[in-house]
Amino acid sequence: MGKRLSRKFYTRPTLTVAKDLLGKYLVRKIGKKKLIGKIVETEAYIGPEDRASHSFGGKITERCKTEYLIGGHIYIYLCYGMYWMMNITTEKAGRPECVLIRALEPVITNIHESTTNFTNRHSRKFVPKFVEIRDLANGPGKLCNWLKLNKSFDKEDLTKSKRIWLEDPAPERARYGAGRGIKIKKSDIVAKKRIGIDYAGSWAKKPWRFYIKDNPFVSKK
DNA sequence: GTACAGATTGAG
DNA sequence: TCAATCTGTACT
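These lines cover the structure that appears in this document, whether it is placed above or below. Everything numeric here is computed off the predicted structure, so don't read it as measured data.

Time to look at the overall build of chain A. Looking only at helices and strands, chain A features 5 helices and 9 strands. In sequence order, chain A lays out its α and β elements as β-α-α-β-β-β-β-β-α-α-β-α-β-β. Taken over 221 residues, chain A has a buried fraction of 50%. Summarising the internal contacts of chain A: among those between residues at least 6 apart in sequence, 63% fall at separations of at least 24. Roughly 11,500 Å² of accessible area belongs to chain A as shown, and the carbon and sulfur atoms make up 55% of that amount.

Structure, rendered in C-alpha coordinates:
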(Lines give C-alpha, C1' and ligand atoms only; values in the text may rest on other atoms or scores of the structure.)
Protein backbone atom coordinates (compact mmCIF):
# COMPACT_ATOMS: atom_id res chain seq x y z
CA MET A 1 0.00 0.00 0.00
CA GLY A 2 0.89 3.61 -0.13
CA LYS A 3 2.47 5.66 2.60
CA ARG A 4 0.41 6.97 5.50
CA LEU A 5 0.22 10.75 5.60
CA SER A 6 2.10 12.18 8.57
CA ARG A 7 1.43 15.09 10.91
CA LYS A 8 3.32 17.45 8.65
CA PHE A 9 0.75 17.07 5.90
CA TYR A 10 -2.10 18.23 8.12
CA THR A 11 -0.50 21.09 10.00
CA ARG A 12 -0.21 23.32 6.91
CA PRO A 13 -2.66 26.08 5.93
CA THR A 14 -6.21 24.74 5.64
CA LEU A 15 -6.81 25.80 2.06
CA THR A 16 -3.59 24.05 1.01
CA VAL A 17 -4.55 20.87 2.82
CA ALA A 18 -8.08 20.97 1.38
CA LYS A 19 -6.66 21.00 -2.14
CA ASP A 20 -3.88 18.50 -1.47
CA LEU A 21 -6.38 16.03 -0.01
CA LEU A 22 -7.86 15.59 -3.47
CA GLY A 23 -6.60 12.31 -4.91
CA LYS A 24 -5.50 10.89 -1.53
CA TYR A 25 -6.79 7.53 -0.34
CA LEU A 26 -8.96 7.34 2.77
CA VAL A 27 -8.50 3.86 4.21
CA ARG A 28 -11.00 2.38 6.65
CA LYS A 29 -10.20 -0.95 8.22
CA ILE A 30 -13.11 -3.01 9.50
CA GLY A 31 -11.93 -6.30 10.96
CA LYS A 32 -9.62 -7.76 8.38
CA LYS A 33 -11.21 -5.89 5.53
CA LYS A 34 -10.44 -2.50 4.10
CA LEU A 35 -12.68 0.01 2.41
CA ILE A 36 -10.79 2.60 0.40
CA GLY A 37 -12.07 5.82 -1.11
CA LYS A 38 -10.21 8.38 -3.16
CA ILE A 39 -11.02 11.89 -1.96
CA VAL A 40 -12.60 13.84 -4.81
CA GLU A 41 -14.36 16.71 -3.01
CA THR A 42 -13.54 18.79 0.09
CA GLU A 43 -14.56 22.01 1.82
CA ALA A 44 -12.43 24.22 4.05
CA TYR A 45 -13.77 25.75 7.28
CA ILE A 46 -11.59 28.41 8.77
CA GLY A 47 -12.83 29.49 12.18
CA PRO A 48 -13.02 31.64 14.24
CA GLU A 49 -13.22 34.18 11.42
CA ASP A 50 -15.37 32.01 9.18
CA ARG A 51 -19.04 32.63 9.85
CA ALA A 52 -19.90 29.17 8.50
CA SER A 53 -17.57 27.45 10.95
CA HIS A 54 -18.85 25.90 14.17
CA SER A 55 -16.05 27.69 15.97
CA PHE A 56 -17.04 31.09 14.58
CA GLY A 57 -16.18 33.83 17.03
CA GLY A 58 -13.95 31.50 19.02
CA LYS A 59 -16.82 29.43 20.32
CA ILE A 60 -15.90 26.27 22.17
CA THR A 61 -18.83 23.89 22.60
CA GLU A 62 -18.88 20.25 23.58
CA ARG A 63 -19.33 19.42 19.89
CA CYS A 64 -16.80 21.69 18.19
CA LYS A 65 -13.96 21.65 20.72
CA THR A 66 -12.39 18.88 18.61
CA GLU A 67 -11.68 21.46 15.91
CA TYR A 68 -9.05 22.97 18.19
CA LEU A 69 -6.85 19.85 18.15
CA ILE A 70 -3.63 19.82 16.14
CA GLY A 71 -3.99 18.88 12.46
CA GLY A 72 -4.59 15.24 11.61
CA HIS A 73 -7.53 14.47 13.88
CA ILE A 74 -11.09 13.58 12.89
CA TYR A 75 -13.83 16.02 13.84
CA ILE A 76 -17.14 14.27 13.30
CA TYR A 77 -20.58 15.57 14.18
CA LEU A 78 -24.22 14.77 13.59
CA CYS A 79 -26.09 16.93 11.10
CA TYR A 80 -29.87 17.22 10.86
CA GLY A 81 -30.08 14.62 13.57
CA MET A 82 -29.20 11.77 11.24
CA TYR A 83 -26.08 12.22 9.17
CA TRP A 84 -22.47 12.15 10.33
CA MET A 85 -20.07 14.66 8.77
CA MET A 86 -16.38 13.79 8.72
CA ASN A 87 -13.85 16.59 8.96
CA ILE A 88 -10.07 16.53 9.28
CA THR A 89 -8.44 19.09 11.54
CA THR A 90 -5.61 21.23 10.19
CA GLU A 91 -3.01 23.71 11.43
CA LYS A 92 -1.51 23.77 14.90
CA ALA A 93 -3.32 23.07 18.17
CA GLY A 94 -5.59 25.91 19.21
CA ARG A 95 -6.50 26.84 15.64
CA PRO A 96 -10.08 25.66 14.99
CA GLU A 97 -9.75 24.89 11.29
CA CYS A 98 -10.76 21.79 9.41
CA VAL A 99 -11.62 20.25 6.06
CA LEU A 100 -14.96 18.56 5.42
CA ILE A 101 -14.69 15.43 3.29
CA ARG A 102 -17.64 15.71 0.90
CA ALA A 103 -17.18 12.85 -1.55
CA LEU A 104 -15.12 9.75 -2.25
CA GLU A 105 -14.56 7.66 -5.32
CA PRO A 106 -14.69 4.06 -4.06
CA VAL A 107 -11.50 2.17 -4.81
CA ILE A 108 -12.67 -1.37 -5.33
CA THR A 109 -10.70 -4.06 -3.56
CA ASN A 110 -13.55 -6.50 -2.94
CA ILE A 111 -16.76 -5.89 -4.84
CA HIS A 112 -19.00 -7.91 -2.55
CA GLU A 113 -18.15 -6.13 0.70
CA SER A 114 -18.00 -2.80 -1.01
CA THR A 115 -21.54 -3.02 -2.23
CA THR A 116 -23.37 -4.51 0.72
CA ASN A 117 -22.71 -1.91 3.37
CA PHE A 118 -25.08 0.81 2.30
CA THR A 119 -28.60 -0.29 3.15
CA ASN A 120 -28.92 1.15 6.65
CA ARG A 121 -28.89 4.72 5.41
CA HIS A 122 -32.28 4.15 3.82
CA SER A 123 -35.59 4.11 5.67
CA ARG A 124 -37.00 0.84 6.90
CA LYS A 125 -39.80 1.20 4.41
CA PHE A 126 -37.54 1.27 1.41
CA VAL A 127 -34.36 -0.76 1.06
CA PRO A 128 -33.01 -0.78 -2.47
CA LYS A 129 -31.76 -4.01 -3.94
CA PHE A 130 -29.07 -2.29 -5.92
CA VAL A 131 -27.02 0.85 -5.69
CA GLU A 132 -24.59 2.29 -8.16
CA ILE A 133 -21.01 2.56 -6.99
CA ARG A 134 -21.29 6.20 -7.90
CA ASP A 135 -23.93 6.63 -5.18
CA LEU A 136 -21.99 4.99 -2.34
CA ALA A 137 -20.01 7.99 -1.16
CA ASN A 138 -20.95 11.02 -3.27
CA GLY A 139 -21.99 13.15 -0.31
CA PRO A 140 -20.67 13.90 3.20
CA GLY A 141 -23.40 11.92 4.96
CA LYS A 142 -23.27 9.07 2.50
CA LEU A 143 -19.54 8.49 2.78
CA CYS A 144 -19.74 8.27 6.57
CA ASN A 145 -22.50 5.71 6.20
CA TRP A 146 -20.46 3.71 3.72
CA LEU A 147 -17.36 3.69 5.94
CA LYS A 148 -19.39 3.13 9.11
CA LEU A 149 -18.15 6.27 10.82
CA ASN A 150 -19.86 7.68 13.89
CA LYS A 151 -19.25 9.63 17.09
CA SER A 152 -16.70 7.06 18.25
CA PHE A 153 -14.32 8.43 15.59
CA ASP A 154 -14.36 11.94 17.03
CA LYS A 155 -10.80 12.97 18.03
CA GLU A 156 -9.34 9.92 16.22
CA ASP A 157 -5.72 10.57 15.25
CA LEU A 158 -5.29 9.81 11.55
CA THR A 159 -1.51 9.54 11.95
CA LYS A 160 -1.84 6.71 14.50
CA SER A 161 -5.25 5.05 14.22
CA LYS A 162 -5.46 1.37 13.35
CA ARG A 163 -8.97 1.67 11.90
CA ILE A 164 -8.76 4.76 9.69
CA TRP A 165 -6.00 6.74 8.02
CA LEU A 166 -4.95 8.48 4.81
CA GLU A 167 -2.42 7.32 2.26
CA ASP A 168 -0.68 8.81 -0.66
CA PRO A 169 -1.10 6.21 -3.39
CA ALA A 170 1.99 7.52 -5.16
CA PRO A 171 4.56 5.04 -3.79
CA GLU A 172 2.35 2.16 -4.95
CA ARG A 173 2.09 3.62 -8.41
CA ALA A 174 5.76 4.52 -8.56
CA ARG A 175 6.58 0.83 -8.58
CA TYR A 176 4.91 0.62 -11.92
CA GLY A 177 6.73 3.62 -13.23
CA ALA A 178 3.82 5.99 -12.88
CA GLY A 179 5.87 8.74 -11.30
CA ARG A 180 6.27 10.04 -7.76
CA GLY A 181 3.58 12.45 -6.80
CA ILE A 182 -0.11 12.03 -6.51
CA LYS A 183 -0.96 15.66 -6.72
CA ILE A 184 -3.95 16.66 -8.76
CA LYS A 185 -2.99 19.19 -11.38
CA LYS A 186 -3.95 22.73 -10.53
CA SER A 187 -5.94 22.97 -13.75
CA ASP A 188 -7.99 19.93 -12.67
CA ILE A 189 -9.06 21.44 -9.35
CA VAL A 190 -12.33 23.34 -9.39
CA ALA A 191 -12.97 25.89 -6.62
CA LYS A 192 -16.58 26.87 -5.96
CA LYS A 193 -18.61 28.27 -3.09
CA ARG A 194 -19.46 25.91 -0.26
CA ILE A 195 -22.79 24.11 -0.07
CA GLY A 196 -25.56 24.58 2.48
CA ILE A 197 -24.19 27.58 4.34
CA ASP A 198 -26.08 30.47 2.74
CA TYR A 199 -26.71 31.87 6.22
CA ALA A 200 -23.01 32.80 6.49
CA GLY A 201 -23.26 36.14 4.67
CA SER A 202 -20.19 37.09 2.67
CA TRP A 203 -18.39 33.97 3.93
CA ALA A 204 -20.86 31.86 1.97
CA LYS A 205 -19.35 33.20 -1.25
CA LYS A 206 -15.79 32.10 -0.52
CA PRO A 207 -14.61 29.53 -3.12
CA TRP A 208 -13.57 27.03 -0.49
CA ARG A 209 -15.20 23.94 -1.94
CA PHE A 210 -12.74 21.98 -4.04
CA TYR A 211 -13.35 19.05 -6.31
CA ILE A 212 -11.68 17.15 -9.12
CA LYS A 213 -12.87 18.46 -12.45
CA ASP A 214 -15.25 16.16 -14.33
CA ASN A 215 -15.03 13.46 -11.67
CA PRO A 216 -18.38 11.59 -11.65
CA PHE A 217 -18.16 10.82 -7.92
CA VAL A 218 -18.47 14.44 -6.79
CA SER A 219 -21.69 15.14 -4.83
CA LYS A 220 -24.74 16.27 -6.75
CA LYS A 221 -25.91 19.80 -6.30
C1' DG B 1 -37.95 24.74 29.62
C1' DT B 2 -39.53 25.90 24.57
C1' DA B 3 -38.60 27.06 19.78
C1' DC B 4 -36.11 26.76 15.80
C1' DA B 5 -32.34 26.34 12.39
C1' DG B 6 -28.90 23.48 10.49
C1' DA B 7 -21.81 21.92 6.60
C1' DT B 8 -28.10 16.30 4.26
C1' DT B 9 -30.62 12.91 2.01
C1' DG B 10 -34.09 10.34 -0.49
C1' DA B 11 -39.04 9.75 -1.37
C1' DG B 12 -43.26 11.67 -3.45
C1' DT C 1 -41.52 19.87 -1.85
C1' DC C 2 -41.05 17.84 2.50
C1' DA C 3 -39.96 15.05 6.51
C1' DA C 4 -36.60 12.50 9.32
C1' DT C 5 -34.60 13.82 14.02
C1' DC C 6 -30.24 15.46 17.24
C1' DT C 7 -27.43 19.55 18.91
C1' DG C 8 -26.56 24.25 19.79
C1' DT C 9 -28.40 28.67 20.70
C1' DA C 10 -31.64 32.22 21.70
C1' DC C 11 -35.07 33.10 23.74
C1' DT C 12 -39.38 32.78 27.59
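Okay, the packing of aromatic side chains next. Tallied over the full model, the rule gives 3 aromatic pairs. Seen in terms of ring centroids, Phe9 and Tyr10 are 5.3 Å apart; in terms of plane orientation they differ by 85°. Their pairing is edge-to-face. Residues Trp203 and Trp208 carry aromatic rings whose centres are separated by 6.1 Å and whose planes lie at 55° to one another, so their mutual orientation is tilted. Owing to a relative accessible area of 24%, Trp203 belongs among the partly exposed residues under this scheme. Positioned above the aromatic ring of Phe9 is the side chain of Arg12, whose terminal nitrogen or guanidinium carbon lies 4.7 Å from the ring centre. Stacked on the ring of Tyr45, the Lys or Arg Arg194 has its end atom at 4.7 Å from the ring centre.

The rules behind each value
- Residues numbered from 1 in each chain as written.
- Chains lettered and ligands numbered in written order.
- Predicted model: local features only at pLDDT ≥ 70, side-chain atom pairs only at ≥ 80, totals over all residues.
- Heavy atoms only, no water.
- Helix = DSSP H or I, 4+ residues; strand = E, 2+ residues; numbered from the N terminus.
- Buried < 20%, exposed > 50% of the residue type's maximum accessible area, 1.4 Å probe, protein only.
- Contact = heavy atoms within 4.5 Å.
- Areas by Shrake-Rupley, 256 points an atom, 1.4 Å probe, with all protein chains shown as cover.
- Phe/Tyr/Trp six-rings, centres within 6.5 Å; stacked < 30°, edge-to-face > 60°.
- Lys NZ or Arg CZ within 6 Å of the ring centre and 35° of its normal.

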